[in-house]
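One-letter residues, chain by chain:
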Amino acid sequence: MVNEVAKLTLPGKETLELPIIKGTLGPDVIDIGMLSKAEMFTFDPGFRSTASCESKITFIDGNKGLLLHRGYPIEQLAEHSDFLEVCYLLLFGELPNTVQKVEFEKKVKNHTLIHEQLIRFYSGFRRDAHPMAIMCGVVGALSAFYHDSLDIHNEEHREMASFRLIAKMPTLAAMSYKYSVGQPFVSPLNRMSYAENFLHMMFSVPSEEMIPNPILVKAMDRIFILHADHEQNASTSTVRLAGSSGANPFACIAAGIAALWGPAHGGANEAVLAMLQEIGDVSNIPKFIEKAKDKNDPFRLMGFGHRVYKNFDPRATVMRKSCYEVLDELGLHDDPLFAIALKLEEIALKDPYFIEKKLYPNVDFYSGIILRAIGIPTNMFTVIFAMARTVGWIAHWNEMISSPDLSINRPRQLYTGSTMRDFTPMDKRK
Ligand code: SDX
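Because the structure is predicted, anything quoted here is derived from the model rather than measured.

**Considerations on the site of the ligand**
Stage number 1. Looking at the ligand, there are 25 residues lining it, with His230, Gly303, His306, Arg315 and Arg389 nearest.
Stage number 2. The side chain of His230 places a nitrogen or oxygen atom 2.6 Å from an oxygen atom of the ligand.
Stage number 3. Relative to its free-state accessible area of 1,000 Å², the ligand is covered by the protein chains to the extent of 80%.
Stage number 4. Residue composition of the shell around the ligand, by class: 10 nonpolar, 7 polar and 8 charged.

Right, here's the structure in full:
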């Protein structure tokens, strides 16, 4: 809704009146589209002050520590909902009624199996390949198998691709783990819930079927909910940018997986565990906090800080509660890494550096402790983040592709390279 303007006076040019647009929540935005007429661009490396799109899916208030999915607070969804219900909410905008929920779960479960030819891709990887490397490969390869759902302008094709991706990610992920430990792949069992089926595919073996512990299933489902979507984060923006060129959804999600892998983003949960293990003992915490504050030391406290949250990440609060439940259930309440994490959080949050820079624990700080307690290897942590975030990526992709003003995303730049010059023959070069 446009009702005010920002006046921009440029040297030697007429004053521009830039429309100010109000959303339903959050800061107003200034529509700078007409700046190109004035042959000027805005300059905002890292997009710290840039809204890249309009969206109705998720809203974050970083100062209040608020996270809403289609208006519902994450704490309430984590408490009362389940992951597939949150998938429906993110994709379609409303919580499903009983019939819609049953229908949706049935449609997703119809697509949990993997094409037998795609299974062969795994044998091409080394056994010690990082599971995220495998996921980048096999998810992109899905494009080669589903020619019947690649017309991005066909709503049914988009919906089919969405169901296939949500359904197949746990199967592909569990397969990447089984391959790394040399165990046979375990087929999905559709009589199980989403999280239960994932744990079953991870830890069952032909000789001993494993029935997942319901407390661990609930914790796994909650981890999926907490990682489902998060506005225009780096990987979601990557999916939108790839999708804006018309690339097929499987290729776009593979691009999102690649972007998520970085330790500054989804790779942080794996890095948090490595950091806690490196700290090793509560007595070493002050040394590491000093390292994190030292500008000459590249070390950062993994699991702390966030581009948007300048208050507690509400997901970290829910995750901490889940940690207690899981560790108590498993009799691991004196887990040394959890003790280090709790002490690190306590000390860091009292330190003036962290207070001044508003660095709080984020979603990745506690998730690794739960995953490790469940028995999931550290190198699978980001894979689990990717599994959960797939629904967020695909919801944003659908929102963008179905919007009437879809156009290829093409940022401009500030050029500071050489001005034009003639070719230098070899004998004239230094
Ligand atoms: C996720 O965008 C999303 O929504 C992401 C995510 C999602 O759900 O998609 O929430 C998931 O990626 C969570 C973040 C996981 N990453 C980590 O835990 C890695 C450690 N955190 C940092 O790398 C950092 O905090 C970022 C990348 C998360 C945020 O970086 P910003 O916003 O660009 O902040 P910054 O780098 O500008 O830091 C501001 C200041 C700097 O000091 P000054 O230059 O002002 O002196 O805070 C310092 C930084 O040095 N700082 C830290 C720190 N994080 C920031 N110092 C020590 N330890 C840290 N973790």
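**Some details on helix H6 (residues 155–181)**
Stage number 1. For H6, with 27 residues, the first-to-last C-alpha span of 40 Å sits near the 39 Å given by 1.5 Å per residue.
Stage number 2. Where H6 bends most, the angle comes to about 35°, and this point is Lys168, followed within four residues by the proline Pro170.
Stage number 3. Burial within H6 is extensive, with 20 of its 27 residues counted as buried.
Stage number 4. Two to three positions downstream of the cap, the backbone nitrogen of Glu156 sits 2.8 Å from a side-chain oxygen, assigning the N-cap of H6 to Asn154.
Stage number 5. Gly182 occupies a position one or two residues after H6 and carries a positive phi of about 70°.

**Topic: helix H11 (residues 268–279)**
In an α-helix, one full turn covers 3.6 residues, which means residues spaced three or four apart are oriented alike.
Stage number 1. Taking 1.5 Å per residue, 12 residues should reach 16 Å; H11 reaches 16 Å between its end C-alpha atoms and fits that length.
Stage number 2. Restricting attention to buried positions, one finds in H11 the residues Ala268, Asn269, Ala271, Val272, Leu273, Met275, Leu276 and Ile279.
Stage number 3. In this structure, the buried residues of H11 make contact with helix H12 (285–293), helix H14 (336–348), helix H16 (363–374) and helix H17 (381–401).
Stage number 4. Of the residues flanking the end of H11, it is Gly280, one or two places downstream, whose phi is positive at about 75°.

**Re the packing of helix H3 (residues 98–109) against H6**
Stage number 1. Remark: H3 packs on H6, axes separated minimally by 8 Å, with the N-to-C direction vectors making an angle of 75°. The angle between H3 and H6 places the two elements in the roughly perpendicular class. Across from Phe104, Lys107 and Val108 in H3, the residues of H6 making contact are Glu159, Phe163, Ile166 and Ala167.
Stage number 2. Across the contact of H3 with H6, the residue classes break down as 5 nonpolar, no polar and 2 charged.

**Overview of the environment of Phe92**
Stage number 1. Within the fold, Phe92 resides in helix H2 (residues 83–92).
Stage number 2. Excluding residues within four positions of it along the chain, Phe92 makes contact with Arg70, Phe104, Glu159 and Phe163.

**What about empty space enclosed by the protein?**
Stage number 1. Summed over the entire model, instances satisfying the criterion amount to 2 cavities of 30 Å³ or more.
Stage number 2. Computed from the structure, the largest cavity encloses a volume of approximately 100 Å³.
Stage number 3. Taken together, 13 residues form the lining of the largest cavity, with Lys109, Thr112, Ser193, Tyr194 and Asn197 sitting closest to its centre.
Stage number 4. Sort the elements by how many residues they give to the lining of the largest cavity and helix H7 (residues 194–203) lands first, with 4 residues.
Stage number 5. Split into classes, the residues belonging to the lining of the largest cavity amount to 8 nonpolar, 4 polar and 1 charged.
Stage number 6. The calculated volume of the second largest cavity comes to roughly 30 Å³.
Stage number 7. Lining the second largest cavity are Gly305, His306, Tyr309, Asn311, Asp313, Lys358, Tyr360, Pro361 and Asn362.
Stage number 8. Broken down by class, the residue content of the lining of the second largest cavity amounts to 3 nonpolar, 4 polar and 2 charged.

**Focus: the environment of Lys56**
Stage number 1. Position of Lys56 among the secondary structure elements: in the loop between strand S3 (29–30) and strand S4 (58–61).
Stage number 2. Under the relative-accessibility criterion, Lys56 is labelled exposed at 59%.
Stage number 3. Separated by 14 residues in the primary sequence, Lys56 and Arg70 have C-alpha atoms spaced 6.6 Å apart.
Stage number 4. Residues within four places of Lys56 in sequence aside, it is in contact with Arg70 and Glu399.

**A word on the sheet that holds S4**
By definition, the strands of a sheet pair up through backbone hydrogen bonds, in either a parallel or an antiparallel sense.
Stage number 1. Taken together, the 3 strands give an open sheet; going across it, the order is S4-S5-S6, and neighbouring strands pair in antiparallel fashion. Edge positions in the sheet fall to S4 and strand S6 (72–73), since each of these pairs with one other strand and no more.
Stage number 2. Direction of pairing for S4 relative to strand S5 (residues 66–69): antiparallel, over a ladder of 4 bridges. Within S5, the residue paired with Phe59 across the bridge is Leu68.

**Let's talk about the nonpolar core**
Stage number 1. Ranked by size, the top nonpolar core spans 117 residues in total, and within it Val139, Phe198, Met220, Phe224, Leu301, Leu344 and Ile376 carry the most contacts.
Stage number 2. The element that contributes the greatest number of residues to this core is H17, accounting for 14 residues.
Stage number 3. In contact with Phe224, other than residues within four places in its own chain, are Phe83, Tyr194, Ala195, Phe198, Ile384, Met387 and Ala388.
Stage number 4. Within the second largest apolar cluster, 7 residues are counted, among which are Ala6, Leu10, Leu18 and Leu35.

**Let's talk about the state of the cysteines**
Stage number 1. Considering all chains together, one arrives at 0 disulfides under this definition.
Stage number 2. Of all cysteine sulfurs in the structure, the one in Cys252 sits closest to Cys136, which takes part in no disulfide; the separation is 14 Å.

**Comments concerning a positive patch on the surface**
Stage number 1. Taken together, the side chains of Arg48, Lys295, Arg300, Arg307, Lys310 and Lys358 make up a positively charged region of the molecular surface.
Stage number 2. Within the element layout of this structure, Lys310 appears in the loop between H12 and helix H13 (314–329).
Stage number 3. Judged by relative accessible area, Lys310 falls into the partly exposed class, the value being 31%.

What counts, and at which threshold
Residues numbered from 1 in each chain as written. Predicted model: local features only at pLDDT ≥ 70, side-chain atom pairs only at ≥ 80, totals over all residues. Heavy atoms only, no water. Near = heavy atom within 4 Å. Polar contact = N/O pair within 3.5 Å; in protein donor to acceptor, adjacent residues only side chain to side chain. Areas by Shrake-Rupley, 256 points an atom, 1.4 Å probe, with all protein chains shown as cover. Nonpolar A, V, L, I, M, F, W, Y, C, P; charged D, E, K, R; others polar. Helix = DSSP H or I, 4+ residues; strand = E, 2+ residues; numbered from the N terminus. Expected span 1.5 Å × (residues − 1). Bend = angle between axes of the 7 residues up to and from the residue. Buried < 20%, exposed > 50% of the residue type's maximum accessible area, 1.4 Å probe, protein only. Contact = heavy atoms within 4.5 Å. Axes fitted to C-alpha atoms, helices over the stretch in contact; angles between N-to-C directions. Parallel < 35°, antiparallel > 145°, perpendicular 65-115°, else oblique. 1 Å grid on protein atoms, 1.4 Å probe; cavity = no way out; pocket = protein on both sides within 12 Å on 5 of 7 lines; lining within 4 Å. Points joined across faces, edges and corners; volume = space filled by probe spheres on them. Pairing = 2+ DSSP bridges. Core = buried A, V, L, I, M, F, W, Y, C linked by side-chain atoms within 4.5 Å. Disulfide = S-S within 2.5 Å. Patch = residues over 30% accessible without salt bridge, like charges linked within 9 Å, V, L, I, M, F, W, Y side chains within 5 Å. Salt bridge = Lys/Arg side-chain N within 4 Å of Asp/Glu carboxyl O. Lys, Arg positive; Asp, Glu negative; His and termini not counted. Charge placed at Lys NZ, Arg CZ, Asp CG, Glu CD.

All quantities given are derived from atomic positions and should not be read as evidence of function.
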